[in-house]
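Close look at the chain arrangement
Below, each chain spelled out in residue letters.
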Amino acid sequence: MALKVQLSSGDAISSDADVLAVCATEGPLEKQSVIAALDEVFGGELLEHARNADFRGKKDQVLDVPTFGRIPAKRLVLLGVGAKRGVNAGSLRVVSAVAARAASTSSSLALALPDKATGGAFREIGEGIVFGAYRFTKYFTGDRRPKKELGTVSLYKGRGKPTVAERRALDLGAAVAEAISAARDAVNEPPNQLTPAELANRCKQVARRGRMKITVLDKRGIEKAGMKLHYAVGQGSVNEPRFIHMVYKPKRAKSRIAFVGKGLTFDSGGLCIKPAPGMGEMKSDMGGSAAVLGLMGAVAASKPNVEVHGIIAAAENMPDAAAYRPGDVFGSLDGKSVEIINTDAEGRLVLADALAFARKQKPDVIVDAATLTGACVVALGKTCSAFYTGDASLAKQFDRAASDAGESFWRMPLLEELREQLKSDIADLKHTGDRWGGSISAALFLREFVGDVPWIHCDIAGPALSDRARGVVPKGGTGHAALTFLKLVESV
Ligand code: BES
Ligand code: MN
Ligand code: ZN
């Protein structure tokens, strides 16, 4: 059931929602209208409690207050948003998510926004609420099944009646986050369920709802198309590979962007098998393709005037009698031959063919997303993704999009001196270099397949999966990169 998000007029205090969340800025709490009014109802005890608990409206501070029947809500939550002048669309997105998460096991939430600080941020607020309410509970039974889920969120803005523009922005934000929730679902889904074929089914659903064209190639189709590297990676699994191409095409598009996602529904490492600890996390190795799936749904909701291609190379990397091996040499869609060094470096292989395919669509820009290297996680940690591009102005545009989306990305260098690691004695390219600079040499390998199309590569190996809930991000699959990609499309 989709969450209902509405703008209410009137005062939040008398809302009969289960949970009343009130944003507080730093500084005198008694000067903030909703808090002052609440304190009066509580006979001065609210501010005293806040003082005792050292709640001062600082960023990330949360104070849970029982209401003892003095207001209709059963729980009151005060949420610090920090200094008033620091409140912006990004921080409102986060605080909305925190409020929704705090209420995610209740049926209804009333959220009082900070006084006069809402500006044009209703889209971000809509995003935050739906992001924060996200849970993945489909496999729970009996007692573990959620008894309640958040059904309605009513927003109260400081002053004045809600406008039509604000309502629209709120709805759009909620729709965008709803679309990106499908990306989170796909990452969370266990790999015995989310096979390449099932990933393709979910793409078909998104395409149908968004009235977009979609083409799916099965194993035979991939072979016939000449995607020899993608085929090689998928050949060791009974869950056969799929190649997916979605197109959002508005009437008079100003430009064309192709997004390419790595869709390894499970990465065991293949014959170069991974160690057991943490192998289960490799169900998230389709995080890049999840971002593309989420983006396409979001694009269908926001309808930018840009042609957007969503391209996904889906496969499962397994050890098997039919699996590809180190030492094998394959051709590729692009034509270059590749010597296989380590079957665990499968992502760059499926991407190489998908990038070559993307190039044939004659896009103005290609952007790819992949959970590509452990080295990237070592470099930037679990919350920040790397991006690579040789184009300085594109880098600037991308940085801006990431910051608008509230996602963490850091530009890394395409170091030419590492290129020689990819020289093979018997083929055009080796597909891995040495350990040091592993995220960079992976990017250099991909670059061989984009020709001269402006290109951005995102290594999202860290943030695709989160080990804890934080701001808009839930524990588990995050959908990371989808919102940045949407902002990038909208910034063209
Ligand atoms: N999917 C992994 C990368 C990964 C590692 C993602 C940890 C998320 C968390 C990728 O296919 C891989 O195995 N890469 C190897 C490359 C190496 C063999 C050159 C790696 O990073 O170890
Ligand atoms: Mn691998
Ligand atoms: Zn992988």
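Residues numbered from 1 in each chain as written. Chains lettered and ligands numbered in written order. Predicted model: local features only at pLDDT ≥ 70, side-chain atom pairs only at ≥ 80, totals over all residues. Heavy atoms only, no water.

Moving on: the coordination of the zinc ion (ligand 3). Protein coordination at the zinc ion (ligand 3): the donors are Lys262 (NZ), Asp267 (OD), Asp285 (OD) and Glu346 (OE), at 2.0 to 2.4 Å from the metal. Of note, the donors binding the zinc ion (ligand 3) are all from one chain and are spaced K-x4-D-x17-D-x60-E. (Donors = N, O, S within 2.8 Å, 3.2 Å for Na, K, Ca; no water.)

Read from one edge of the open sheet, eight strands run β7-β8-β10-β9-β13-β17-β14-β15, paired in mixed fashion. This sheet does not close on itself; its edge strands, each paired only once, are β7 (213-217) and β15 (409-411). Between one strand axis and the next, the sheet turns through 20° on average, direction left out of account. With five bridges joining them, β7 and strand β8 (residues 242-248) adopt antiparallel strand pairing. Bridge pairing links Ile214 to Met246 in β8. This element, helix α12 (residues 392-405), spans β13 (365-370), β14 (385-388), β15 and β17 (455-459) of the sheet and lies at about 165° to β15. (Pairing = 2+ DSSP bridges. Helix = DSSP H or I, 4+ residues; strand = E, 2+ residues; numbered from the N terminus. Axes fitted to C-alpha atoms, helices over the stretch in contact; angles between N-to-C directions. Contact = heavy atoms within 4.5 Å.)

For the coordinates displayed, the defined rule picks out eight aromatic pairs. Residues Tyr324 and Phe330 carry aromatic rings whose centres are separated by 6.5 Å and whose planes lie at 50° to one another, so their mutual orientation is tilted. The two residues Tyr324 and Phe330 agree in class, both being buried. Here the aromatic residues Phe259, Phe387, Phe398, Phe409 and Phe485 are joined through ring pairs into a cluster of three or more. The positively charged end of Arg184 is found above the aromatic ring belonging to Tyr134, 5.4 Å away from the centroid. Above the ring of Phe449, the side-chain terminus of Lys336 is found at 5.8 Å from the ring centroid. (Phe/Tyr/Trp six-rings, centres within 6.5 Å; stacked < 30°, edge-to-face > 60°. Buried < 20%, exposed > 50% of the residue type's maximum accessible area, 1.4 Å probe, protein only. Lys NZ or Arg CZ within 6 Å of the ring centre and 35° of its normal.)

This part covers the domain arrangement of the chain. Looking at the assigned domains, one finds that the chain contains domain 1 (4-162) and domain 2 (178-491). Buried surface at the junction of domain 1 and domain 2, both sides included, amounts to about 1500 Å², of which 54% is carbon and sulfur. Three residues, Arg93, Phe131 and Tyr134, lead the burial of domain 1 against domain 2; their summed loss comes to 42% of the area buried on that side. The interface formed by domain 1 and domain 2 holds three salt bridges in total. Glu127 is paired through a salt bridge with Lys487; the nearest N and O atoms lie 3.9 Å apart. Put simply, domain 1 and domain 2 have ten residue pairs in polar contact (both at pLDDT 80 or more) between them. Sorting the residues of the side of domain 1 that touches domain 2 by element identifies α3 (89-102) and α4 (122-133) as the ones contributing at least two each. Of the residues in the side of domain 1 that touches domain 2, the class split is eight nonpolar, no polar and six charged. (Domains from an automatic or database assignment. Buried area = accessible area lost by both parts, 1.4 Å probe. Salt bridge = Lys/Arg side-chain N within 4 Å of Asp/Glu carboxyl O. Polar contact = N/O pair within 3.5 Å; in protein donor to acceptor, adjacent residues only side chain to side chain. Nonpolar A, V, L, I, M, F, W, Y, C, P; charged D, E, K, R; others polar.)

Moving on, we come to the site of ligand 1. For ligand 1, the set of nearby residues contains 15 residues, the closest of which are Lys274, Asp285, Asp344, Glu346 and Gly374. Within the side chain of Asp267, an N or O atom sits 2.9 Å from an oxygen atom of ligand 1. Residue Glu346 places a side-chain N or O atom 2.9 Å away from an oxygen atom belonging to ligand 1. Relative to its free-state accessible area of 520 Å², ligand 1 is covered by the protein chains to the extent of 75%. In terms of residue class, the shell around ligand 1 is made up of three nonpolar, five polar and seven charged. (Near = heavy atom within 4 Å. Areas by Shrake-Rupley, 256 points an atom, 1.4 Å probe, with all protein chains shown as cover.)

Turning our attention to the pattern of salt bridges. Under the defined criterion, the tally for this structure stands at 24 salt bridges. Residue Glu223 pairs with Arg220 through a salt bridge whose shortest N-O separation is 3.8 Å. Remark: Arg220 and Glu223 occur in helix α7 (residues 219-225); sequence separation between them is three residues, near one turn of the helix. Salt bridges sharing common partners tie together Arg93, Arg123, Glu127, Lys487 and Glu490.

A positive phi angle, near 50°, is found at Arg211, a position not held by glycine. With respect to the secondary-structure elements, Arg211 resides in the loop between α6 (196-209) and β7. Residues other than glycine seldom take positive phi values, yet Ala481 does so here, at roughly 95°. As for its position among the elements, Ala481 is in the loop between β19 (476-477) and α14 (482-490). Residue Ala481 is classed as buried on the basis of its relative accessible area of 0%.

Right, let's talk about the coordination of the manganese ion (ligand 2) for a bit. Each pair of donors in an ideal four-coordinate tetrahedral metal site encloses 109.5 degrees, whereas pairs in an ideal six-coordinate octahedral site enclose 90 or 180 degrees. Taken together, Asp267 (OD), Asp344 (O), Asp344 (OD) and Glu346 (OE) make up the full set of protein donors to the manganese ion (ligand 2), lying 2.1 to 2.2 Å away. The coordination sphere of the manganese ion (ligand 2) comprises six donor atoms, whose angles at the metal cover 73 to 168°; the geometry is irregular. Donor residues binding the manganese ion (ligand 2) come from one chain and are separated in sequence as D-x76-D-x1-E. Separation of the manganese ion (ligand 2) from the zinc ion (ligand 3) amounts to 3.1 Å, with Asp267 serving as a shared donor to the pair. Here Asp267, found in strand β9 (residues 256-267), pairs with Glu346, found in the loop between β12 (338-339) and α10 (347-360); they are 79 residues apart in sequence, far enough to count as distant. (Tetrahedral: all angles 85-135°; square planar, octahedral: opposite > 155°, others 65-115°.)

In terms of burial, strand β2 (residues 19-24) is largely enclosed, as six of its six residues are buried. Burial along β2 is two-sided: the face carrying Val19, Ala21 and Cys23 and the face carrying Leu20, Val22 and Ala24 are both buried. With six bridges connecting them, β2 and strand β4 (residues 75-80) associate as parallel partners. Looking across to β4, one finds that Val22 is bridged to Leu78.

Let us look at α12. Helix length check: α12 (14 residues) gives 20 Å between terminal C-alpha atoms against 20 Å at 1.5 Å per residue, within 8%. Inspection of α12 places Leu394, Ala395, Phe398, Ala401, Ala402 and Ala405 among the buried residues, and these make up the whole buried set. The buried residues of α12 occupy an angular sector of 125° when the element is viewed end-on, so they sit on one face. Along α12, exposed side chains directed more than 90 degrees from the buried face belong to Ala392, Ser393, Lys396, Arg400 and Ser403. (Expected span 1.5 Å × (residues − 1). Arc of directions from axis to C-beta.)

Turning next to the nonpolar core. Within the largest apolar cluster, 89 residues are counted, with the highest numbers of intra-cluster contacts made by Leu155 and Phe259. Each of domain 1 (4-162) and domain 2 (178-491) gives at least three residues to this core. Ignoring any residue separated from it by four or fewer positions in sequence, one finds Leu155 in contact with Val5, Gln6, Leu7, Ser8, Leu111, Leu113, Phe122, Ile125, Ile129 and Leu170. Of all hydrophobic cores here, the second largest spans 47 residues; its members include Leu264, Ile311, Ala313 and Leu333. (Core = buried A, V, L, I, M, F, W, Y, C linked by side-chain atoms within 4.5 Å.)

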